[in-house]
Amino acid sequence: QSNATVGASGSWCQGLDIPNELFLVLGLVSLVENLLVVAAILKNRNLHSPTYYFICCLAVSDMLVSISNLAEMLFMLLLEHGVLVMRPSIVRHMDSIIDMLICSSVVSSLSFLGVIAVDRYITIFYALRYHSIMTLQRAVVTMASIWLASTVSSAVLITYYCSNTILLCLISFFLFMLVLMLVLYIHMFALARHHLHSISSQQKPPATHRGGSLKGAVTLTILLGVFFICWGPFFLHLILIVTCPTNPFCTCFFSYFNLFLILIICNSVIDPLIYAFRSQELRRTL
């Protein structure tokens, strides 16, 4: 019985054999989607507002995820098949550059997801003061600060990647963004529910308003669900690296790292569908 248990656990800990072609296909789909978003926002002057600039920056961050993934896959394939021959020192240098690009895209994507949540919160709860709160100048400063911070932090992370302190900082950042989005979206969800309840209490509740409130509540639930499913396993992986690097269960969990990367790339594919393509103006431009 013990031998059977060991064999079963061993098979579970083999990880998933994910073909490189899947990484390449998802990366290309994400790249095309996010390129369309950026092109549409730049082309249509009606979309030149802080809200759409933040969505554009999120699309650029997701493009970096796709480009870094495609670059790494192509780089590895060329090396494996002997098409590209490089000294080990140059390979390590190229690997560090690609890793820095990946880390920068991860940090900036998380940051802009949080900024979009804050922007939507201001739009709903401070609608009359929105244009005085979220001015174009403040939006530009916010975007520049995020790009600068993500570049610096990714350089520090790659330089000191063996330090648990650095990993704890990245984990803390993820948890902060998760809590921020959770609090803001729950508050917005509560407003949509209250709106639906107030309409339902009338004698003849308009179906269109009820549908709009329900649609808004469902959208917020989808946003949080997608964020947690796509990013959660990767950051749980980092937490286990810090807390139990030699534990058999944790070691088994580490073997699924490629699956966690696939989920992050899937997030880059899903983001435009949630944040950008729901806009009628943007769809018309496309």
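Being a predicted model, the structure only gives us computed values, none of them experimental. (Residues numbered from 1 in each chain as written. Predicted model: local features only at pLDDT ≥ 70, side-chain atom pairs only at ≥ 80, totals over all residues. Heavy atoms only, no water.)

1. Brief notes about the nonpolar core
Soluble globular proteins: nonpolar side chains tend toward being buried together.
Thought 1: Ranked by internal contacts, the top residues of the largest apolar core, which has 75 residues, are Trp-231, Phe-235 and Tyr-275.
Thought 2: Looking at this core, the elements that each hand over two or more residues are helix 2 (20-43), helix 3 (50-80), helix 4 (88-125), helix 6 (136-159), helix 7 (164-200), helix 8 (207-243), helix 9 (248-254) and helix 10 (257-276).
Thought 3: Apart from residues lying up to four places away in sequence, Phe-235 is in contact with Val-106, Leu-110, Leu-170, Ile-171 and Phe-174. (Core = buried A, V, L, I, M, F, W, Y, C linked by side-chain atoms within 4.5 Å. Buried < 20%, exposed > 50% of the residue type's maximum accessible area, 1.4 Å probe, protein only. Helix = DSSP H or I, 4+ residues; strand = E, 2+ residues; numbered from the N terminus. Contact = heavy atoms within 4.5 Å.)

2. What about the state of the cysteines?
Structurally, a disulfide amounts to a covalent bond that connects the sulfur atoms of two cysteines.
Thought 1: For the coordinates displayed, the defined rule picks out one disulfide.
Thought 2: In this model, Cys-244 is linked to Cys-250 through a disulfide, with the two sulfur atoms separated by 1.8 Å. Its torsion about the S-S bond being -75°, the disulfide of Cys-244 and Cys-250 is classed as left-handed. The residues Cys-244 and Cys-250 share a single accessibility class, namely buried.
Thought 3: Cysteine Cys-230 is unpaired, with the sulfur of Cys-266 as its nearest cysteine sulfur at 6.5 Å.
Thought 4: Looking at Cys-230, the relative accessible area reads 4%, which means it is buried. (Disulfide = S-S within 2.5 Å.)

3. A look at the UniProt feature "transmembrane region" (unreviewed entry) in the protein
Thought 1: As recorded in UniProt, the sites labelled "transmembrane region" (unreviewed entry) are residues 22-42, 54-77, 97-118, 139-159, 165-192, 213-241 and 253-277.
Thought 2: Its end C-alpha atoms 30 Å apart, residues 22-42 is made of 100% helix and 0% strand. (UniProt positions renumbered as here; feature names shortened; annotations may be inferred.)

4. Focus on the side chain of Ser-268
Thought 1: Within the secondary structure, Ser-268 is located in helix 10.
Thought 2: If near-sequence neighbours (up to four positions away) are discounted, Ser-268 is found in contact with Ser-30, Glu-33, Asn-34, Asp-62 and Val-65.

5. Some points on helix 2
Within an α-helix, residues lying three or four positions from one another point in the same direction, as the helix has 3.6 residues per turn.
Thought 1: Under the 1.5 Å per step criterion, the end-to-end length of helix 2 is 34 Å for 24 residues, consistent within 8% with the ideal 34 Å.
Thought 2: Those residues of helix 2 that are buried lie in contact with helix 3, helix 10 and helix 11 (280-285). (Expected span 1.5 Å × (residues − 1).)

6. Brief notes about a nonpolar patch on the surface
Thought 1: A cluster of nonpolar residues, Leu-148, Val-152, Val-156 and Tyr-160, forms a patch on the protein surface that exposes about 390 Å² of accessible area.
Thought 2: Mapped onto the fold, Tyr-160 is located in the loop between helix 6 and helix 7. (Patch = residues over 30% accessible without salt bridge, like charges linked within 9 Å, V, L, I, M, F, W, Y side chains within 5 Å. Areas by Shrake-Rupley, 256 points an atom, 1.4 Å probe, with all protein chains shown as cover. Salt bridge = Lys/Arg side-chain N within 4 Å of Asp/Glu carboxyl O.)

7. Things to note about the packing of helix 3 against helix 6
Thought 1: At a minimum axis separation of 10 Å, helix 3 and helix 6 run at an interaxial angle of 15°. In terms of orientation, helix 3 and helix 6 fall into the roughly parallel class. The element helix 3 and its partner helix 6 pack so that their crossing is right-handed. Contacts between helix 3 and helix 6 involve Pro-50, Tyr-53, Phe-54, Cys-57, Val-60, Ser-61 and Leu-64 on the former and, on the latter, Leu-136, Ala-139, Thr-142, Met-143 and Trp-147.
Thought 2: The residue inventory of the contact of helix 3 with helix 6, partitioned by class, reads 10 nonpolar, two polar and no charged. (Axes fitted to C-alpha atoms, helices over the stretch in contact; angles between N-to-C directions. Parallel < 35°, antiparallel > 145°, perpendicular 65-115°, else oblique. Left-handed = near helix turned anticlockwise from the far one by under 90°. Nonpolar A, V, L, I, M, F, W, Y, C, P; charged D, E, K, R; others polar.)

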